[in-house]
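Structural characterization, general
Here is how the chains run, residue by residue.
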Amino acid sequence: MTVEIRCHATLRDYLPESAKKGIYQYELKGEKNVREVANSLELPVEELHLIIVNGVQKNLDAPIQDGDRIGLFPPVGGG
Amino acid sequence: MKIYRVNLNTEEVKTEEVPESYAPLGGRALTSQVISDEVDPGAHPLGENNKLVFAPGLLSGTRAPSSGRLSVGSISPLTGGIKESNAGGTAAQYFGKLNIKALIVEGAKDDGKNVLVVNKDGVKLEKVDGLKGLGNYEAGDKLREKYGKNVSVMTIGPAGEHKMTAASIAVSDIDKNPARAAGRGGLGAVMGSKGLKAIVIDDTDAPGVVMHDEDAFKKASKKFSKIILDHPVSGEALRNYGTAVLINILNEAGGLPTKNFESGRYDKADDTSGETMVDIIKKRGGKASHSCHPGCIMGCSQIYNDEDGNYFTAGFEYETVWAFGANCLINDMDAIAYYDRCCDDIGLDTIETGVTMGVAMEAGIIEFGDKDGVKRLFDEEIRKATPLGRLLGSGSKVTGQTYGVTRVPEVKGQGIPAYDPRAVKGVGVTYATSTQGADHTAGYSVTANILKVGGEVDPLKKEGQTELSKNLQVATAAIDSTGLCLFVAFAVLDNEEAVPTIVDMLNAQYGISLTPDDVTELGKQILKVERNYNKKLGFTREDDRMPEFFQKEKLPPHDVTFDFTDEELDSVYQDLE
């Protein structure tokens, strides 16, 4: 059971060195939602402004399953 | 304040008092009103009867944070409709300090030597040899040599001189680079049609903005600075990664138009992301954060150096990186930087030109991903104004039409920017209905659709999108009139004290008593003026539609189409006519 964590902008610094370009394959250890995964990875939960699971905006309590792609972003903007 | 009117046919310059009805207008409100009042709708965009209006915003030239945006108005040769093209750089602050309400350029003379010199004594038309045909970098250097190193310079490059309808007007930034532009709508071609190569603005001994209540203004502007800086986007994120931070976000959300809008995801997106850009910039000693105009406190711009650590380009935006990157399947940051510099130097809108390259690839002129091919098209065709170069310089619609391409991403003749309208539906409504043609800045629904700023509206569903787009179009028109950078909107949408504080600044400066409702009314009034003028130019509701392929082709990964009915799109402007 793995999920693909994609951390962007300042959040990349929180991933292990092995996570190339902010992409990290994480083997689940019983975590059931994004919040639990974030806690396991010691990501700063309060900075997770955008949570995009398989291309769809979710929140921290969104359930996760094997093979999910989870994009995490701090508050950012542009145009 | 004064309005200066220059006629290139008679070579006369007139100084006019500001009519009472124009006093409360600035920036876009003023440029659109002048075009509507003065230009016969029958005027050819590149003929002597079209006009080009430059106006700083109401707050430009003051200490108000990030208030140095310039509006340039005209009939667009690209869209055939009214146009306000908005630029950063140094010009608006200088105009403001010189108490210039507007500069109106009339007539047309194919000359290439005409330079308008603007300073504390007024506006003068001069003839300068040796400028014709120069790129914006070299033209700026020559003009600074002649008029002083600290002048603000607006120029057109070869694209404008050849009246290519994707041509921009370059505005020098605080480092004197022509990296800021009134890009959209081909107004560089209008300036070229008038035979005007440059406008030089010297603010030496400028009188400065007349302030009705200095203390009240200082207080309000300080408060507004705090509002901007306290917001995580405008206070921090924009300066960390620039606007290109959006590449990965739109890619995750499945809304990053890839391969001429064939997919919403690009497997090599990260090679062109803001994060990658900043890594390169830091390695080469560039600047990850840079202000395009004096008084900007958000610093979303940047300086991108070449491999040897020398300046290469600046203001390397999300839109530009996307247009030549994911849109053309090119994942080489240096190649994209080269195209950005070409656009700045030749004087082309980066969005229109990148979208056009995607269409050229669709047409088979070059292959998708052919980075050397794009370089060749810039160097050998567009810069030299060959027949193919002129065609590409005329934008996506003309190029698509000429080659029989059915998948041309444009509305009202203007190329669609970096958010797929099927997967970011709110901004799709803006593309379809804006008076400006496809323009993300005209009503940036990406805020609530993707960024969780100013609320949340599901980007994949239709619910709430027309209302969101309408409200943002109204608010944007008002902001574009103040001279404030549109990026203040991130804070404005999330902080209810922001609009009253902008109103406080305006009231303190002008000695008036506006309310926040008046600001909304101003936004509506601008849209009505633009909409009604477009009607006189021949636009109907049928022009507020998305190209067929967005309605028929499903966009991966979400497999969505642009599915608004005509009635839904028409509802946006139903009470703004």
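An account of the accompanying structure is given in this report.

About the criteria used
Residues numbered from 1 in each chain as written. Chains lettered and ligands numbered in written order. Predicted model: local features only at pLDDT ≥ 70, side-chain atom pairs only at ≥ 80, totals over all residues. Heavy atoms only, no water. Helix = DSSP H or I, 4+ residues; strand = E, 2+ residues; numbered from the N terminus. Areas by Shrake-Rupley, 256 points an atom, 1.4 Å probe, with all protein chains shown as cover. Salt bridge = Lys/Arg side-chain N within 4 Å of Asp/Glu carboxyl O. Buried < 20%, exposed > 50% of the residue type's maximum accessible area, 1.4 Å probe, protein only. Axes fitted to C-alpha atoms, helices over the stretch in contact; angles between N-to-C directions. Parallel < 35°, antiparallel > 145°, perpendicular 65-115°, else oblique. Contact = heavy atoms within 4.5 Å. Nonpolar A, V, L, I, M, F, W, Y, C, P; charged D, E, K, R; others polar. Pairing = 2+ DSSP bridges. Buried area = accessible area lost by both parts, 1.4 Å probe. Polar contact = N/O pair within 3.5 Å; in protein donor to acceptor, adjacent residues only side chain to side chain. Expected span 1.5 Å × (residues − 1). Arc of directions from axis to C-beta. Phe/Tyr/Trp six-rings, centres within 6.5 Å; stacked < 30°, edge-to-face > 60°.

1. Examining the overall build of chain B
Helices and strands together make up the secondary structure of chain B, namely 23 helices and 17 strands. Its C-alpha atoms give chain B principal-axis dimensions of roughly 55 × 50 × 50 Å. By element, 46% of the accessible surface of chain B is carried by carbon and sulfur atoms, the whole surface being about 19,100 Å².

2. Considerations on the pattern of salt bridges
In total, this model carries 50 salt bridges over all chains according to the counting rule given. When the shortest N-O distance is used, the salt bridge between B:Asp270 and A:Arg12 registers 2.7 Å. Here B:Asp270 is found in the loop between α8 (246-252) and α9 (274-283), whereas its partner A:Arg12 is found in the loop between β1 (2-7) and β2 (23-27) on a different chain. B:Asp270 gets classed as buried once you look at its relative accessible area, which sits at 12%. Classification of A:Arg12 as buried rests on a relative accessible area of 16%. Its salt-bridge partner being B:Glu577, residue B:Lys535 comes within 3.6 Å of it at the nearest N-O pair. Taken together, the residues B:Lys535 in helix α21 (residues 516-536) and B:Glu577 in the segment after α23 (566-570) connect sequence positions 42 residues apart. For B:Lys535, a relative accessible area of 41% puts it in the partly exposed group. Each of B:Lys412, B:Arg531, B:Lys535, B:Arg541, B:Asp544 and B:Glu577 takes part in a single network of salt bridges with overlapping partners.

3. Comments concerning the packing of helix α18 (residues 465-482) of chain B against α21(B)
Packed helices, taken two at a time, are described by their axes: the angle between them and the distance between them. Residues and elements named next belong to chain B. Between α18 and α21, whose axes approach to 7 Å, the crossing angle comes to 95 degrees. Here α18 is positioned roughly perpendicular relative to α21, judged by the angle of their axes. Contacts between α18 and α21 involve Gln 473, Val 474, Ala 477, Ala 478 and Ser 481 from the former and Val 519, Thr 520, Leu 522, Gly 523, Lys 524, Ile 526 and Leu 527 from the latter. Class assignment for the residues of the contact of α18 with α21 results in seven nonpolar, four polar and one charged.

4. Topic: the sheet that holds strand β2 (residues 12-17) of chain B
Residues and elements named next belong to chain B. Read from one edge to the other, the open sheet built from six strands follows the order β2-β1-β6-β3-β4-β5, with strand pairing classed as mixed. Each of the sheet's edge strands pairs with one partner strand only, and the pair in question is β2 and β5 (82-87). Taking each pair of neighbouring strands and ignoring which way they run, the sheet shows an average axis angle of 20 degrees. Here strand β3 (residues 52-56) pairs with strand β6 (residues 100-106) via three bridges, running antiparallel.

5. Here we look at the interface of chain B and chain A
Counting residues at the interface gives 32 residues for chain B, matched by 22 residues for chain A. Among the residues chain B hides against chain A, the three largest losses belong to B:Ile249, B:Glu252 and B:Lys452. Together they make up 28% of the total. Our count for the chain B to chain A interface comes out at four salt bridges. Between the two partners, chain B and chain A, sit twelve residue pairs in polar contact (both at pLDDT 80 or more). At the level of elements, α7 (232-241), α8, α10 (318-324) and α17 (446-451) of chain B are the ones that each hand at least two residues to the side of chain B that touches chain A. In terms of residue count, the dominant contributor to the side of chain B that touches chain A is α7(B) (six residues).

6. Focus: helix α6 (residues 214-230) of chain B
Residue and element names in this part refer to chain B. Helix length check: α6, at 17 residues, gives a terminal C-alpha distance of 24 Å against a target of 24 Å (1.5 Å per residue), a fit within 8%. Listing the buried residues of α6 in full gives Phe 217, Ala 220, Ser 221, Phe 224, Ser 225, Ile 227 and Ile 228. Relative to the axis of α6, the buried residues are bounded by an arc of 160 degrees and lie together on one face. Facing away from the buried surface of α6 by more than 90 degrees, the exposed residues are Asp 215, Lys 219, Lys 222 and Asp 230. Elements that come into contact with the buried residues of α6 comprise α7, α19 (489-494) and α20 (498-510).

7. Section: the sheet that holds strand β9 (residues 152-155) of chain B
Residue and element names in this part refer to chain B. Ordered by their spatial adjacency, six strands build an open sheet running β8-β7-β12-β9-β10-β11, and the pairing between neighbours is mixed. Sheet topology places β8 (122-127) and β11 (180-182) at the edges, where each strand pairs with a single neighbour. Each strand axis lies, on average, 20 degrees off the axis of its neighbour in the sheet, ignoring direction. Of the pairings in the sheet, the one linking strand β7 (residues 114-119) to β8 comprises six bridges and is antiparallel in character. Opposite Asn 119, over in β8, you have Gly 122 as the bridge partner. Where helix α3 (residues 136-147) meets the sheet, its contacts fall on β7, β8, β9, β10 (169-171) and β12 (196-201), and the angle it forms with β9 comes to roughly 140 degrees.

8. Considerations on the packing of aromatic side chains
Here the distance between the centres and the angle between the planes together describe a pair of aromatic rings. Residues and elements named next belong to chain B. Inspection of the entire model under this criterion finds 14 aromatic pairs over all chains. Relative to Tyr 419, the ring of Tyr 318 has its centre 5.5 Å away and its plane inclined at 50 degrees; by these criteria the two rings are tilted. Here Tyr 419 lies in the loop between β17 (414-415) and α16 (425-433) and Tyr 318 lies in helix α10, a separation of 101 residues in the sequence. When sorted by exposure, Tyr 318 lands in the same class as Tyr 419, which is buried. Centre to centre, the rings of Phe 487 and Phe 490 are 5.7 Å apart; their planes meet at 40 degrees, and the pair counts as tilted. The exposure classification of Phe 487 matches that of Phe 490, with both residues buried.

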